[in-house]
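The residues making up each chain are set out below.
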Amino acid sequence: MHTAPAVKDIMQVAKFSVQPDTSVYDALDLLIAKKVSGIPVLDNDHLVGFLTEKDCLRLQATAHMYNMTGRKVRDIMSSINETLSPKNNLLTAAQVFLSCNFAALPVIDEHGELVGSINRQCVIQAIQKWHHDRGLDFAHEKREQSVVDNPSSIESMQHLASHASREQMASVLRNRT
């Protein structure tokens, strides 16, 4: 496989979100319980923001200075300037993550509907796997080409003879002298 996998292949399907008027503490409990980097914030099924770990950490670090009772997600959520499409490939996702300051991003389909989210760690892991798989493919292709260029055993010569064109065989035999 030489084409980078799509975001849809590794994204987390949207199973939960919060509303702008959700209590900050309830949202924080959800973020911790789900072990995610961010939670989509929806208002009438429309994405209006993203509650990130950084938003929550900022709140926790300054909570001693402010009365946090009654604070809502809308008070601390991040506005979303970047989203991904399920059709984007992982290299595009990596570029988007490099250009923004988020550890997780929402995935929006062609109808503007939230279909999932994806985080940097998932992208890193998937790209690493893809590079590894490509490396194995490359090694296999290189080994096959080596057999064609310079068959070194009777078996490889027989394999080549059964799979190569007449012109390829003639070239191999010419180069062996």
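What you are looking at is a predicted structure, and each value in this text was computed from that prediction instead of being measured.

Scoring rules and cut-offs
Residues numbered from 1 in each chain as written. Predicted model: local features only at pLDDT ≥ 70, side-chain atom pairs only at ≥ 80, totals over all residues. Heavy atoms only, no water. Phe/Tyr/Trp six-rings, centres within 6.5 Å; stacked < 30°, edge-to-face > 60°. Lys NZ or Arg CZ within 6 Å of the ring centre and 35° of its normal. Salt bridge = Lys/Arg side-chain N within 4 Å of Asp/Glu carboxyl O. Buried < 20%, exposed > 50% of the residue type's maximum accessible area, 1.4 Å probe, protein only. Helix = DSSP H or I, 4+ residues; strand = E, 2+ residues; numbered from the N terminus. Pairing = 2+ DSSP bridges. Arc of directions from axis to C-beta. Contact = heavy atoms within 4.5 Å. Core = buried A, V, L, I, M, F, W, Y, C linked by side-chain atoms within 4.5 Å.

**Thoughts on the packing of aromatic side chains**
Under the definition given, this model contains zero aromatic pairs. Between the NZ or CZ atom of Arg 134 and the centre of the ring of Trp 130, over which it lies, the distance is 4.8 Å.

**Considering the pattern of salt bridges**
Oppositely charged side chains are able to pair whenever their charged atoms sit close together. Within the structure shown, the criterion is met by three salt bridges. Linking Asp 75 and Arg 71 is a salt bridge whose minimum nitrogen-to-oxygen distance equals 3.5 Å. For Arg 71, a relative accessible area of 26% puts it in the partly exposed group.

**Digging into unusual backbone geometry**
In this structure, Lys 35 takes a positive phi of about 55 degrees despite not being glycine. As for its placement among the helices and strands, Lys 35 is situated in the loop between α1 (24-34) and β2 (38-43). Relative accessible area serves as the criterion here: at 76%, Lys 35 is assigned to the exposed category. Located in the positive-phi region is Asp 45, a residue other than glycine, with phi close to 65 degrees. For Asp 45, the location among the structural elements is in the loop between β2 and β3 (46-52).

**Remarks on the pairing of β3**
Counted residue by residue, β3 has five buried out of seven residues, so it is predominantly covered. Two elements, β2 and β3, share six bridges in a ladder whose sense is antiparallel. Looking across to β3, one finds that Pro 40 is bridged to Phe 50. The turn linking β2 back onto β3 is made up of two residues, and Asn 44 within it adopts a positive phi angle of 55 degrees.

**Some remarks on the environment of Cys 122**
With respect to the element layout, Cys 122 can be found in helix α5 (residues 120-149). A relative accessible area of 27% means that Cys 122 is categorised as partly exposed.

**Side note on α1**
What α1 keeps buried is the set Val 24, Ala 27, Leu 28 and Leu 31. All buried residues of α1 fall inside an arc of 100 degrees around its axis, so they share one side. Opposite the buried face of α1, by more than 90 degrees, sit the exposed residues Asp 29 and Ala 33. Tucked into the core, α1 has its buried residues touching β2, β3, α2 (53-62) and α3 (73-76).

**Things to note about the sheet that holds strand β1 (residues 12-13)**
Pairing in this open sheet of three strands is antiparallel, and the strands run β1-β5-β4 from one edge to the other. Each edge of the open sheet carries a strand with a single partner, namely β1 and β4 (104-108). Two elements, β1 and strand β5 (residues 114-119), share two bridges in a ladder whose sense is antiparallel. The residue bridging Val 13 from the neighbouring strand is Gly 116, located in β5.

**Here we look at the nonpolar core**
Soluble globular proteins tend to bury their nonpolar side chains together. Formed by 16 residues in total, the largest nonpolar core has its most connected members in Val 7, Leu 84, Phe 97, Leu 105, Ile 118 and Val 123. At the level of secondary structure, the elements contributing two or more residues to this core comprise α4 (90-99), β4 and α5. A total of five residues in this core trace back to one element, the largest contributor, which is α4.

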